[in-house]
Amino acid sequence: MKRSALDGTQQTNFIYLLPGLLLYAAFVFGPIVAALGLSLTSWDGLSVPKWVGLGNYADLFSDSRFYIALRNNAELMIFYCVLPLVLGITLAACVWNLKQREQLALRTFLFLPYIMPTAVLGIIWAWLYNPAFGPFNQFLRAVGLGRFALPWLGDFNFVLPAVGIVATWYFFGFCMVIFLTGIQRIDPSLFDAAKVDGASARKTFFWITLPLLMPEIRVVLLLTVIASIKSFDLIFTMTRGGPANATLVPNIYMYQLGFELNRFGAAAAIAIVGALLTFAINYAIHRLVGSRSKGVA
Amino acid sequence: MSRSSNIPAAALFLRLVLWLLAFVTITPFLLLLLTSIKSKADVLKGAFALPAYPHFENYVDAWNAGHFNIYFWNSIIVVIPVVAVSVFLGLLTGFAFAYLSFPLRRTLFAILTLGMMVPAEAFIIPLYYEMRYLGLINTYAALIIPQIAMSIPFSTIFLASAMQQLPEEVLEAAVLDGAGRFHILRKIVIPLMIPAMSTLALFLFIWTWNEFLIPFILVNDDAYRTLPLGMLFFQGRYTVNTPVLTAGAVIVIFPLILTYLVFQRRFIAGLTAGATK
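Please read all numbers here as calculations on a predicted model, not as lab measurements.

Here we look at the overall build of chain B
Assigned secondary structure in chain B consists of 12 helices and 0 strands. The linear arrangement of helices and strands in chain B, starting from the amino end, is α-α-α-α-α-α-α-α-α-α-α-α. Against the globule reference of 19 Å for 277 residues, chain B gives a C-alpha radius of gyration of 24 Å, more extended than a compact globule. Counting only C-alpha atoms and orienting by the principal axes, one finds that chain B spans roughly 75 × 75 × 35 Å. Counting every position in chain B, which comprises 277 residues, the buried fraction comes to 53%. Here the contacts in chain B between residues at least 6 apart in sequence split such that 71% fall between residues at least 24 apart. For chain B, the distance from the average position of its 16 positive side-chain charges to the average position of its 12 negative side-chain charges is 7 Å.

As structure tokens, this is what we get:
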């Protein structure tokens, strides 16, 4: 990198860097390192932590509840990542050649859930899903589908999709907006050329729009995957992981082990596994989606 | 049927579907608003039935019973310093990463981005004990300081990349005129950064206002709860009284909807700039 005209001596440069970095080190990076250390101990929050090495991790990987949590998280990724991605990209392709005003209005409505606090959304949806007086079941009864009116958040089979749909609702407008900017970045002459060549809308989408949107697809996947692994607020306010572990995810399990059972070492181990999982998936997305986009563009 | 008459019909149908979807998306909010002005008896008539007259007293009840006077002010007391200090520190750190040389630059940058990927859930336990050791549990500082620290990676990266797009010649000219760096930062860089800074401030406002985990774990005294937390405890007590519960939810999300509608263009532009960088 070329030296900027503003560069000075290293001591004076540090004046700019130090306040932010110190605060970050003390309240984010330090605790991350401490969580790593804590995960290697057995600790009840009161007595002196006891070193157990990788014991917590060994326990986790022979714990059937942890596997249930991981499997639930994997299933939730359909609702957190796949559905918003597919819906978002389809909608972006439909919306982008509408008139500016109509596009803006649709965008405003579809994006609205994304700015809301997920904890409050969980509370709102718990009410919508209420079996007795919730609007969702009332709507089903009103349109003659009363036999499908279920106690959604209490039903072992339907609770995971019921919670998942909320995540899809939360994310798909956000995905659409990112894809819309992506489409606007694409050189319009490519679309014109396709039109001249007589390509159908579907062909244009699969051969021009989709391949050129790979960078945006990567970003969307990355953000939604991270969101799915850190999912806590929404599930905590709707089901707390129940019924019978049907919506248990690692972070809810971590909360139960740590703040309800005072097994802080085991809880920290779950947190670290979650962080490692995020890195691994992040790396995989960079390798898979990243390299392909380079090949095309 | 000829192709030319077929296409407008298909386009019209598509637009109809899009608007229907938009309507379905905001339906939860509309139902929330409708239910919040009903009486308890109206609720029993059905979720979609209109009340005879609007019962605004639900809002008064929710505000009083839900301690919203406390939670609302707490949210404001927390969000203002978090946004102001985060933008200020982001400017300094961003300035360093944009223009200055220092050892371990790449390592420090990697450590910063780590903080954007690792969720707060992963380090909340050590953070809780650190705050307890510092005697900050159940104080405003517990709500403010960690949120500033958590926002530093995004603020730094967002502002550094915006600063790198400033014309280098302007800065060089100022250096040649003999202006000091603090002076250049204050008189030249900051004025040029106003749009980026206000977008960043908007994001930090929404994220801080919506934060759940930090106040949930680091504060258990009612006097320091913020709005999303207040809503959780409010839910516990008012599950049966739906109109008052929904009025409470409207109170919590109303400032967000207002902010969003006022700044929505800037919001979306900033979001995509921040996300795809």
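So that's the structure; there's more coming.
As for the interface of chain A and chain B
Of the residues lining the interface, 90 residues belong to chain A; the matching set on chain B comes to 93 residues. Both faces combined, the contact of chain A with chain B buries some 8,500 Å², and carbon together with sulfur accounts for 79% of it. By the criterion of area lost to chain B, the three top residues of chain A are Leu6(A), Tyr16(A) and Phe27(A), representing 11% of everything that side buries. On the surface where chain A and chain B come into contact, there are 1 salt bridge. Measuring nitrogen to oxygen at the nearest pair gives 2.8 Å for the salt bridge that ties Arg15(B) to Glu102(A). Inspection of the chain A/chain B interface yields 15 residue pairs in polar contact (both at pLDDT 80 or more). Partitioned by chemical class, the residues of the side of chain A that touches chain B number 67 nonpolar, 14 polar and 9 charged.

Looking at the packing of aromatic side chains
Going through the model one piece at a time under the given rule, you end up with 52 aromatic pairs over all chains. With centroids separated by 5.0 Å and ring planes inclined at 75°, the aromatic side chains of Tyr170(A) and Phe171(A) adopt a geometry described as edge-to-face. You can call Tyr170(A) buried: its relative accessible area is 14%. Joined through ring pairs, the aromatic side chains of Trp43(A), Phe232(A), Phe236(A), Tyr255(A), Phe259(A), Phe264(A), Tyr128(B), Tyr129(B), Phe212(B) and Phe216(B) make up one cluster. Here the guanidinium or amino end of Arg225(B) rests over the ring plane of Phe233(B), the centre of that ring lying 3.7 Å away.

A short note on helix α10 (residues 214-229) of chain A
Under the 1.5 Å per step criterion, the end-to-end length of α10(A) is 22 Å for 16 residues, consistent within 8% with the ideal 22 Å. Judged by how many residues are buried, α10(A) sits mostly within the fold: 12 of 16 residues are covered.

Some remarks on empty space enclosed by the protein
Rolled over the atoms, a probe as big as a water molecule pinpoints where empty space is left. Residues and elements named next belong to chain A. Scanning the entire structure with this criterion turns up 4 cavities of 30 Å³ or more. Around the largest cavity, the lining comprises 14 residues; the ones closest to its centre are Ile-229, Pro-250, Asn-251, Ile-270 and Gly-274. Where the lining of the largest cavity is concerned, the elements lending two or more residues are α3 (64-95), α12 (250-260) and α13 (264-296). Per-element accounting of the lining of the largest cavity gives the leading share, 6 residues, to α13.

Some thoughts on a nonpolar patch on the surface
Residue and element names in this part refer to chain A. On the surface, a cluster of nonpolar side chains totalling about 380 Å² of accessible area is made up of Ile-78, Val-82, Leu-83, Val-86 and Ile-165. Secondary-structure assignment places Ile-165 in helix α7 (residues 159-185). Exposure remark for Ile-165: the relative accessible area of 38% places this residue in the partly exposed category.

Re the environment of Pro161(A)
One can find Pro161(A) in helix α7. According to the relative accessible area criterion, Pro161(A) is partly exposed, its value standing at 29%.

Points about the packing of α3(A) against α7(A)
Residue and element names in this part refer to chain A. The geometry of α3 relative to α7 is characterised by a closest axis approach of 6 Å and an angle of 40° between their N-to-C directions. Judged by the twist between their axes, the crossing of α3 over α7 is right-handed. Considered class by class, the residues forming the contact of α3 with α7 number 23 nonpolar, 4 polar and 1 charged.

Rules and cut-offs
Residues numbered from 1 in each chain as written. Chains lettered and ligands numbered in written order. Predicted model: local features only at pLDDT ≥ 70, side-chain atom pairs only at ≥ 80, totals over all residues. Heavy atoms only, no water. Helix = DSSP H or I, 4+ residues; strand = E, 2+ residues; numbered from the N terminus. Rg over C-alpha atoms; globule rule 2.2 N^0.38 Å. Buried < 20%, exposed > 50% of the residue type's maximum accessible area, 1.4 Å probe, protein only. Contact = heavy atoms within 4.5 Å. Lys, Arg positive; Asp, Glu negative; His and termini not counted. Charge placed at Lys NZ, Arg CZ, Asp CG, Glu CD. Buried area = accessible area lost by both parts, 1.4 Å probe. Salt bridge = Lys/Arg side-chain N within 4 Å of Asp/Glu carboxyl O. Polar contact = N/O pair within 3.5 Å; in protein donor to acceptor, adjacent residues only side chain to side chain. Nonpolar A, V, L, I, M, F, W, Y, C, P; charged D, E, K, R; others polar. Phe/Tyr/Trp six-rings, centres within 6.5 Å; stacked < 30°, edge-to-face > 60°. Lys NZ or Arg CZ within 6 Å of the ring centre and 35° of its normal. Expected span 1.5 Å × (residues − 1). 1 Å grid on protein atoms, 1.4 Å probe; cavity = no way out; pocket = protein on both sides within 12 Å on 5 of 7 lines; lining within 4 Å. Points joined across faces, edges and corners; volume = space filled by probe spheres on them. Patch = residues over 30% accessible without salt bridge, like charges linked within 9 Å, V, L, I, M, F, W, Y side chains within 5 Å. Areas by Shrake-Rupley, 256 points an atom, 1.4 Å probe, with all protein chains shown as cover. Axes fitted to C-alpha atoms, helices over the stretch in contact; angles between N-to-C directions. Left-handed = near helix turned anticlockwise from the far one by under 90°.

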